[in-house]
Amino acid sequence: MKNALMKPCLLFVSLLITSSAAFASWAEDFAELKNVPRNYEDAGSICEEIARLDMQREYPAPQYSVEVGIAYGDGTRTIGELDVVIFDNNTHKVLKVAEVKCWKDVRGGLKKAQEQRERFLRNIKSGKNLIFQSTSTHQNFDAERFRYIQDFFSIAQKGSESQGFDYEMAYTLREMHDYRFQMIRCQEQGRCARPE
């Protein structure tokens, strides 16, 4: 009888450990973000950075690398930006692209993410010579790496999966706003890296 009761308890503890490992605490996220010289004036910046950390945990180096903010254009203008890009370093191709939308109007954010995905696919299929460049480091990426992307998904704040998003982060929209201001204050105090 004692063994029969132990199995469900052990399963529960195992699930608890697994689920808590998937989501880091703000203290852990802050420790990683404080050395990233990101401009947090844009309200969505903190969401993109948290999404990047989550994806780096799911797609760890050295097999994968995760980049935030890759703009694409035709050489004369920027057409759009890919929020989170997951590269497979073995194939040298883009594995997945995520649009991040931490909006009060969750359904509106999802609609915008879907529109951005469609715009990107239209431009890739058009045969235009697109240029891909990091918005922070200005590193250029070979357009061929982006040509055959099959997997797009959407990311938003806690509670967004029930509204149609594919992946939700561990923090509410209110918490994201609070964390953004913490990062700005930390940069102002000289304790966190600031963009050049």
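Before any of the text, the structure's been laid out above.
Along each chain, numbering runs from 1 in the same order as the chain's sequence is written. Only residues with pLDDT of at least 70 get local features here, since the model is predicted, and only at 80 or more are side-chain atom pairs given and counted; chain-wide, interface and lining totals rely on the full set of residues. Water and hydrogen atoms play no part in the side-chain values, which are based on all heavy atoms of the structure.

Some words on the overall build of the protein chain
- Secondary structure elements are defined from DSSP: runs of H or I of at least 4 residues count as helices, runs of E of at least 2 residues count as strands, and each element is numbered from the N terminus. When you go through the protein chain residue by residue, the secondary structure sums to five helices and seven strands.
- When the elements of the protein chain are put in sequence order from the N terminus, they spell out α-α-α-β-β-β-α-β-β-β-β-α.
- Three labels apply to residues, based on accessible area from a 1.4 Å probe with only protein chains included: buried if under 20% of the type maximum, exposed if over 50%, partly exposed otherwise in between. Counting every position in the protein chain, which comprises 196 residues, the buried fraction comes to 41%.
- Two residues qualify as a contact provided that any one of their heavy atoms is within 4.5 Å of a heavy atom in the partner residue. Put simply, 54% of the contacts in the protein chain that link residues at least 6 apart link residues at least 24 apart.
- For the area figures, the Shrake-Rupley method with a 1.4 Å probe applies, and any residue is considered shielded solely by the protein chains shown. Surface summary for the protein chain: the accessible area is close to 11400 Å², and the carbon and sulfur share equals 52%.

A word on the side chain of Lys101
- Residue position: Lys101 is located in the loop between β3 (93-100) and α4 (106-125).
- The class of Lys101 is buried, set by a relative accessible area of 8%.
- Side-chain polar atoms of Lys101 contact the side chain of Gln116, separated by 2.8 Å.
- Other than its neighbours up to four places away in sequence, Lys101 contacts Asp83, Gly109, Lys112, Ala113, Gln116, Ile155, Ala156, Gln157 and Phe165. Definition of a polar contact: a pair of N or O atoms within 3.5 Å, with one able to donate and the other able to accept a hydrogen when the atoms are protein atoms, and with sequence-neighbouring residues admitted only if both atoms are side-chain atoms.

Section: the pairing of β3
- In terms of burial, β3 is largely enclosed, as six of its eight residues are buried.
- Relative to β3, strand β2 (residues 78-88) runs antiparallel, the two sharing five bridges. Across the sheet, Phe87 pairs through a bridge with Val94, a residue of β3.
- DSSP bridges decide pairing: two strands pair if at least two such bridges lie between them. Between the end of β2 and the start of β3, which pair antiparallel, lie four residues, with His92 showing a positive phi angle near 60°.
- When β3 meets strand β6 (residues 151-156), the two strands line up parallel, connected through five bridges. Each bridged residue has a counterpart across the sheet, and for Lys96 the counterpart in β6 is Asp151.

Focus: the pattern of salt bridges
- Salt bridge criterion: a side-chain nitrogen from Lys or Arg within 4 Å of a carboxyl oxygen from Asp or Glu. Inspection of every chain in the model, using the stated rule, returns 14 salt bridges.
- Of the charged contacts, one joins Asp29 and Arg57 as a salt bridge, the two residues approaching to 2.6 Å between their closest N and O atoms. Note that Asp29 is positioned in helix α2 (residues 26-33) and Arg57 in helix α3 (residues 45-58), a separation of 28 residues in sequence.
- When the shortest N-O distance is used, the salt bridge between Lys101 and Asp83 registers 3.3 Å. You can see Lys101 sitting in the loop between β3 and α4 and its partner Asp83 sitting in strand β2, a full 18 residues away along the chain. Asp83 matches Lys101 in its accessibility class, with the two residues each being buried.
- One connected set of salt bridges, linked through shared partners, spans Asp29, Glu32, Asp54 and Arg57.

Digging into α3
- A helix is expected to span 1.5 Å for every residue after the first. Helix length check: α3, at 14 residues, gives a terminal C-alpha distance of 20 Å against a target of 20 Å (1.5 Å per residue), a fit within 8%.
- What α3 keeps buried is the set Ser45, Ile46, Cys47, Glu48, Glu49, Ile50, Ala51, Arg52, Leu53, Asp54 and Met55.

Remarks on the nonpolar core
- The criterion is simple. A nonpolar core is a set of buried Ala, Val, Leu, Ile, Met, Phe, Trp, Tyr and Cys residues joined through side-chain atoms within 4.5 Å. Trp26, Ile46, Met55, Ile155 and Met169 are the most contacted members of the largest nonpolar core, which totals 31 residues.
- Put simply, the parts of the chain that give this core at least two residues each are α2, α3, β1 (64-73), β2, β3, β6 and α5 (173-188).
- In this structure, Leu82, Val97, Phe132 and Ala143 belong to the second largest nonpolar core, which totals 18 residues.

Concerning the packing of aromatic side chains
- Only Phe, Tyr and Trp rings are paired, with Trp represented by its six-membered ring, and only when their centres lie within 6.5 Å; those with planes under 30 degrees apart are stacked, over 60 edge-to-face, the remainder tilted. All chains considered together, the criterion is met by 13 aromatic pairs.
- Arranged with centres 5.9 Å apart and planes meeting at 85°, the rings of Phe87 and Phe146 form a pair that is edge-to-face. Separated by 59 residues along the polypeptide, Phe87 in strand β2 and Phe146 in the loop between β5 (140-141) and β6 bring together distant segments of the chain. Both residues of the pair, Phe87 and Phe146, belong to the buried class.
- When the centroid spacing of 6.3 Å and the interplanar angle of 70° are considered together, the rings of Phe120 and Phe132 count as edge-to-face. Of this pair, Phe120 sits in helix α4 while Phe132 is found in strand β4 (residues 131-134), placing the two residues twelve residues apart along the sequence. Of the two residues examined, Phe120 and Phe132, each falls in the buried class.
- An aromatic cluster of three or more residues is present, and its members are Tyr72, Phe87, Phe120, Phe132, Phe141, Phe146 and Phe152.
- Only when the NZ of Lys or the CZ of Arg is both within 6 Å of the ring centre and within 35 degrees of the ring normal is a charge said to sit over the ring. It is Lys96 that lies over the ring of Phe153; its NZ or CZ is 5.8 Å from the centre.
- Positioned over the ring face of Phe181 is Arg180, at 5.0 Å from the centre of the ring.

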